[in-house]
Amino acid sequence: MAKSIMIQGTMSNAGKSLLCAGLCRIFRQDGYRTAPFKSQNMALNSFVTQDGLEMGRAQAVQAEAAGLAPDVRMNPILLKPTSDVGSQVIVGGKPIGTMPAREYFQYKKRLIPAVLEAYGSLAAENDIIVLEGAGSPAEINLKAEDIVNMGMAQMARAPVLLAGDIDRGGVFASLYGTVALLEPAERRRIQGLIINKFRGDVEILRPGLTQLKELTGKPVVGVVPYLQVDIDDEDSLSDRLERQREALIDIAVIRLPRISNFTDFNALEQIPGAGVRYVKSPDRLGRPDLILLPGTKNTMGDLQWLRESGMETAILKEVSRDTPLLGICGGYQMMGESLEDPEGVEQGGAMRGMGLLPLRTRFARQKTRTQVRGQMLEQDGFFSALAGAAFEGYEIHMGQTDAGGAPPLICVDRAEGSKPAGAGGGNAAGCYIHGLFDSGSVRERLAQALYRRKGLDPAAVQTRQRDYGAYKEEQYDILAQALRRSLDMETIYRMMDQWQEED
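Chemist: Please set out the overall build of the protein chain residue by residue, giving values where relevant.
Modeler: Across its full length, the protein chain holds 14 helices and 26 strands. Each principal axis of the C-alpha distribution contributes one length, and for the protein chain these read about 65 × 50 × 40 Å. In the protein chain, which comprises 503 residues, the share counted as buried stands at 58%. Taking the contacts inside the protein chain whose residues are at least 6 apart along the sequence as the reference set, 73% of them involve residues at least 24 apart.

Chemist: Pulling in residues and values, what's your account of helix H12 (residues 440-453)?
Modeler: With 14 residues, H12 ought to run about 20 Å at 1.5 Å a step, and its terminal C-alpha atoms sit 20 Å apart, in line with that. Packed against the buried residues of H12 are strand S13 (249-254), strand S16 (290-293), strand S21 (360-376), strand S22 (390-402) and helix H13 (468-486). Of the residues one or two after H12, glycine 455 is the one with positive phi, at around 85°.

Chemist: Go over the environment of phenylalanine 27 with me, naming the residues and quoting the values.
Modeler: As for its placement among the helices and strands, phenylalanine 27 is situated in helix H1 (residues 16-29). On the accessibility criterion, phenylalanine 27 (0% relative accessible area) is buried. Separated by 383 residues in the primary sequence, phenylalanine 27 and isoleucine 410 have C-alpha atoms spaced 40 Å apart. Beyond its immediate chain neighbours, meaning those up to four positions away, phenylalanine 27 contacts Ile5, Tyr32, Thr34, Ile128, Val130, Met489, Tyr493 and Met496.

Chemist: Can you break down the sheet that holds strand S11 (residues 190-198) residue by residue, with the values?
Modeler: Taking strand neighbours across the sheet as the criterion, the six strands line up as S2-S9-S1-S10-S11-S12 in an open arrangement whose pairing is parallel. Edge strands, defined here as strands with exactly one partner in the open sheet, are strand S2 (34-37) and strand S12 (220-225). Adjacent strand axes in the sheet meet at a mean angle of 20° when their direction is disregarded. For S11 and S12, the ladder comprises four bridges, and the chain directions are parallel. Across the sheet, residue isoleucine 195 finds its bridge partner in S12, namely valine 223.

Chemist: Give me the lowdown on the packing of aromatic side chains, citing residues and values where you can.
Modeler: Within this structure, the stated rule accounts for nine aromatic pairs. Measuring from centroid to centroid gives 6.2 Å for phenylalanine 262 and tyrosine 278, while their planes differ by 85°, and the two rings are edge-to-face. With phenylalanine 262 in the loop between strand S14 (259-260) and strand S15 (274-279) and tyrosine 278 in strand S15, this pair connects stretches of sequence that are 16 residues apart. When its relative accessible area of 4% is taken as the criterion, tyrosine 278 is described as buried. Following the ring pairs from residue to residue traces out a cluster consisting of Phe27, Tyr32 and Tyr493. Here arginine 199 stacks its cationic end above the ring of tyrosine 226, 3.8 Å away from the centre of that ring.

Chemist: Lay out the packing of helix H2 (residues 57-66) against H13 in plain terms, naming residues and giving numbers.
Modeler: Interhelical geometry of H2 versus H13 gives an angle of 80° and a closest axis separation of 10 Å. Accordingly, the angle class assigned to the pair H2 and H13 is roughly perpendicular. Taking contact as the criterion, the partners of Val61, Glu64 and Ala65 in H2 are, on H13, Lys472, Glu473 and Tyr476. The residue makeup of the contact of H2 with H13, split by class, is three nonpolar, no polar and three charged.

Chemist: Any chance you could break down the environment of aspartate 488 for me, citing the residues and the numbers?
Modeler: One can find aspartate 488 in the loop between H13 and helix H14 (489-502). Sequence separation between aspartate 488 and valine 223 is 265 residues, and the spatial gap between their C-alpha atoms is 9.5 Å.

Chemist: Residue-level account of the nonpolar core, with values.
Modeler: Within the largest apolar cluster, 84 residues are counted, with the highest numbers of intra-cluster contacts made by Phe27, Phe37, Tyr104, Ile129, Leu131 and Ile194. At seven residues, the largest contribution of residues to this core is made by H1. Phe262, Ile433, Leu446 and Leu450 belong to the second largest nonpolar core, which has 71 residues in total.

What counts and how
- Residues numbered from 1 in each chain as written.
- Predicted model: local features only at pLDDT ≥ 70, side-chain atom pairs only at ≥ 80, totals over all residues.
- Heavy atoms only, no water.
- Helix = DSSP H or I, 4+ residues; strand = E, 2+ residues; numbered from the N terminus.
- Buried < 20%, exposed > 50% of the residue type's maximum accessible area, 1.4 Å probe, protein only.
- Contact = heavy atoms within 4.5 Å.
- Expected span 1.5 Å × (residues − 1).
- Pairing = 2+ DSSP bridges.
- Axes fitted to C-alpha atoms, helices over the stretch in contact; angles between N-to-C directions.
- Phe/Tyr/Trp six-rings, centres within 6.5 Å; stacked < 30°, edge-to-face > 60°.
- Lys NZ or Arg CZ within 6 Å of the ring centre and 35° of its normal.
- Parallel < 35°, antiparallel > 145°, perpendicular 65-115°, else oblique.
- Nonpolar A, V, L, I, M, F, W, Y, C, P; charged D, E, K, R; others polar.
- Core = buried A, V, L, I, M, F, W, Y, C linked by side-chain atoms within 4.5 Å.

Written out as structure tokens, the structure reads:
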């Protein structure tokens, strides 16, 4: 049976996902077959595996760091919020329905066998499992039914490292308070503390570290600096969404309330001179060189927000000025003439779309989940520059879109043969493909088109992109190197060995 270590946090966005990815890479470098695991993830960034199953993107990233293909067993339960009080529940990679929070709270105990089966089979195939918790283990109103923090640690017989975010302030109080609110058996399971996202001289912390150990009885196994590594973020708490900077090429992503898979656009930051910024108010849109309308877990609700906030008017104004607009997944659906939801998959009824493409989208309960590959097709207008570029990606969406005779944007290779998909017209285009810009050829041709639009000579500007997969591998190695410097890995290895003997 595999050894295990679990990272829990004092709060959401304490850096658990990144720490787990770094540990996965370290253990892989040290010669261990390692897999990540998070029993229940709530996130709108998801991934589709080779066998067409949906899982949290954070665990897909951690799998990459561990050198494994993403496997739905690494995240057996995924919750995708559809509103402030409800989520689509995905078990074993397949949706089983949408539930209000209270209903799911009562239902989730039934999922324990599925969680244990997934964990057990992973543990049988690997040397080390790196588990990730969710939120905080000290949510005293939720602890009785916990299946993702201490409840999961107990089921997996895993020692726990508790991480706190010093960048937000109050890290000593949050670490001490979390430990104090736990039951004695839970406190015993915590084998060490991590102070994460530190900026400054660690020697200044020494007196506080000593006192924290005296108060909690737990050693501080590392002070991790605020790391400048480019690794996909888990959800909408990412500080990537807050970045604003001047750039030669200005790419504006519309920050929808329920934005999903915004990691689709991370690769665009590799274009020399390009800046990717996320915009949630009309006065911040400005005059970008490219507008991207991303995916969403509630297309109709977010289209209504676009309308009420004035963002739709601002986008249409820019498109009328020949600013190119590309929609992905839900953003693609919004660009059409109509959206129909007869089965109440989202909110029921019908809505007028933005009218940029002659699309008609009809939502249905069946969910498309598949990895795809293909190439960009000939187009009129700005996106003609992408023609012939090959891509790989994946689709995750509810319902189907009739393109209404619009020229297809892409040709997708499927088992039954190649099929045109997506749509374009002038400087507006869209498709369902997530990960489109991970392709170096798509990114390079887009960069050249943006330079030309800016009045620059593409031949005079470096537009050839390095392989994005190689770039990500380099970032995982940088992360692992930084964690080796800041974590006491000898102690962590010893914790895993001793806890396995004692538990």
